[in-house]
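Coordinate inspection notes
Here's the letter readout for the chains.
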Amino acid sequence: MSDDDATPMTTLDEALAGLPAYDPDDMTVELARTIIARTAQPVAAIEQIAVRSALGRVLGRDVISPLDVPAFENAAMDGYAFAGTALAAGGKVRLRVAGRSFAGRPFDGVAGSGECVRIMTGALLPAGCDTVIPQEQVQREGDTEIVTFAADAVTPGRHVRHIGEDLATGQPALLSGKRLRPAALGLLASLGIAEVPVRRRIRVAFFSTGDELRSVGEPLVPGNLYDSNRYTLYGMLQRLGVEILDLGVVRDDPQAIEDTLRTACREADAVITSGGVSVGEADYTREMMTRLGNVVFWKMAMRPGRPFAFGELESDGHRALLFGLPGNPAAVMASFYHLVRDGLFVLMGAEPQATPRLPVPTTTAIAKRPGRTEFLRGILAADAQGRWQVTVADAQSAGILRTMSEANCFVTLDTARGNVAAGELVDVIVFDGLV
Ligand code: AMP
Ligand code: MG
């Protein structure tokens, strides 16, 4: 799939050109991510949709504020409004309450000299007033309409929100490339905006390869197992808000895989396969994927997720990015989150954002050899004193989905890192931060 008006694609060859020499059999996570981000091109089409439908979508153009926010001077506290700049310094101030200004029900008079107005947070600052004193700082003289306070308690201009102080008319409120989260929906509503321009949804096709795989609902015979990768991929893609095309399980047959890749390339912006890229299987996959486009096969210096293919497919004039993931279920998830996800964000037109990594102590020692990045499944929890720490899950094999499901974060150990002692700080990437 591709947009008619799409910008010309950077080819994989262009993305690879100019890079320092690297070993495709020992590919670093950082370099792979750079190549993927350079090759992926944002989809061009933009559509105008209702703000609530835009949750999770990517803004296609800057949104310029049509209003001043706030649109009028108002109180930042419950209290009394008056002319603060006119007060003499020192001593006690005595003011008569001339009226009330509530949010949505302003005082329509003018506070004159010696007067103030009872005011609530968000209410229009009455004419003649420039300052608010919080109600806790004043005394009321009996049941009268007189309030008193120390002049020293007042800073002229305090506790007033000024016109346009959050956002002035004509200023960009949200920038193109922003992924719209709940706060952005609220901000758009605060500007009176009902619809926004967003990039079209990207379409991602995926399928599993393997003669041993059966789909849920089919009987298992010895040597078979259920295909779980299409379910984890479904879940991860669904949460990114992309359109999904599930092409099922494809047998380890070059023709069947080629046919499915061609369909995927016609129908989708990106294709994700799982299985068939490891040593022993890679040969025919490689030959066939190479026939369909420009695909590189890497052995990643990463665990889990060593075999990985990336490239561009072309079929009948349609183009799509290809991500060839390993077959092992935990490797699929690690590869998706750390290699594929950011590439899909680029396709979606999203402004790149570093995934937050937070340092916490580990309760467990971790054996690690330098030379590869490891993404261990971790369980982040607070100890009895409320201090957050991470425990590495008991089984880290690339085939084990159970610990992936028990974990709530990746413990991320960079290439250079060696063995880690209990109590040392390690970086975690929290699953809930990965959308
Ligand atoms: P492969 O990369 O095809 O050699 O697969 C590596 C391992 O992952 C093998 O044990 C496969 O049976 C397993 N595997 C491959 N695809 C899937 C899948 N879709 N669901 C569950 N396990 C899989
Ligand atoms: Mg296989």
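The name an unreviewed UniProt entry assigns to the chain is Molybdopterin molybdenumtransferase, from the organism Pandoraea iniqua. Quoted straight from UniProt, the Function (unreviewed entry) entry for the chain says "Catalyzes the insertion of molybdate into adenylated molybdopterin with the concomitant release of AMP." Heading Cofactor (unreviewed entry) of the UniProt record for the chain holds this comment: "Mg(2+)".

A short note on the packing of aromatic side chains
Under the criterion given, the structure shown has nine aromatic pairs. Each ring, one from F310 and one from F323, has its centre 5.4 Å from the other, and the planes form 40°; the classification is tilted. Highlighted residues: F310 in strand β20 (residues 307–315) and F323 in strand β21 (residues 318–325), separated in sequence by 13 residues. Of the two residues examined, F310 and F323, each falls in the buried class. Through successive ring pairs, a cluster of aromatic residues spans F336, Y337, F375, F410 and F431.

Thoughts on the sheet that holds strand β9 (residues 146–150)
In spatial order, the strands read β7-β4-β6-β5-β9-β8; together these six strands make up an open sheet with mixed pairing. Single-partner strands in this sheet number two, and they are β7 (131–134) and β8 (139–140).

What about the site of ligand 1?
Taken together, 16 residues surround ligand 1, and among them E212, D227, S228, E281 and G327 come closest. Within the side chain of D227, an N or O atom sits 2.6 Å from a nitrogen atom of ligand 1. Between N229 and ligand 1, the recorded distance is 3.1 Å, taken from a side-chain N or O atom to a nitrogen atom. Burial of ligand 1 by the protein amounts to 80% of the accessible area it has alone, namely 490 Å². The class makeup of the residues in the shell around ligand 1 is four nonpolar, nine polar and three charged.

Regarding the packing of helix α4 (residues 229–240) against helix α7 (residues 329–348)
As a packed pair, α4 and α7 sit with axes 11 Å apart at the nearest point and diverge in direction by 30°. With respect to α7, the axis of α4 lies roughly parallel. In this structure, α4 meets α7 at a crossing whose hand is right-handed. Mapping the contact onto sequence places N229, T232, L233, M236, L237 and L240 in α4 and P329, V332, M333, F336, Y337, R341, L344, F345 and M348 in α7. Residues belonging to the contact of α4 with α7 are distributed by class as follows: twelve nonpolar, two polar and one charged.

A few points about the pattern of salt bridges
All chains considered together, the criterion is met by 25 salt bridges. Ionic pairing is found between R203 and E267, a salt bridge with its closest N-O pair at 3.4 Å. Residue R203 is found in strand β13 (residues 203–209), and its partner E267 is found in helix α5 (residues 254–267); the two are separated by 64 residues along the sequence. By relative accessible area, E267 is classed as partly exposed at 33%. Here R266 and D316 are joined by a salt bridge, their closest N and O atoms 3.5 Å apart. Of this pair, R266 sits in helix α5 while D316 sits in the loop between β20 and β21, and the two are 50 residues apart along the sequence. By relative accessible area, D316 is classed as exposed at 60%. The network of salt bridges with common partners includes R33, R341 and D342.

Rules used in this analysis
- Residues numbered from 1 in each chain as written.
- Chains lettered and ligands numbered in written order.
- Predicted model: local features only at pLDDT ≥ 70, side-chain atom pairs only at ≥ 80, totals over all residues.
- Heavy atoms only, no water.
- UniProt positions renumbered as here; feature names shortened; annotations may be inferred.
- Phe/Tyr/Trp six-rings, centres within 6.5 Å; stacked < 30°, edge-to-face > 60°.
- Helix = DSSP H or I, 4+ residues; strand = E, 2+ residues; numbered from the N terminus.
- Buried < 20%, exposed > 50% of the residue type's maximum accessible area, 1.4 Å probe, protein only.
- Pairing = 2+ DSSP bridges.
- Near = heavy atom within 4 Å.
- Polar contact = N/O pair within 3.5 Å; in protein donor to acceptor, adjacent residues only side chain to side chain.
- Areas by Shrake-Rupley, 256 points an atom, 1.4 Å probe, with all protein chains shown as cover.
- Nonpolar A, V, L, I, M, F, W, Y, C, P; charged D, E, K, R; others polar.
- Axes fitted to C-alpha atoms, helices over the stretch in contact; angles between N-to-C directions.
- Parallel < 35°, antiparallel > 145°, perpendicular 65-115°, else oblique.
- Left-handed = near helix turned anticlockwise from the far one by under 90°.
- Contact = heavy atoms within 4.5 Å.
- Salt bridge = Lys/Arg side-chain N within 4 Å of Asp/Glu carboxyl O.

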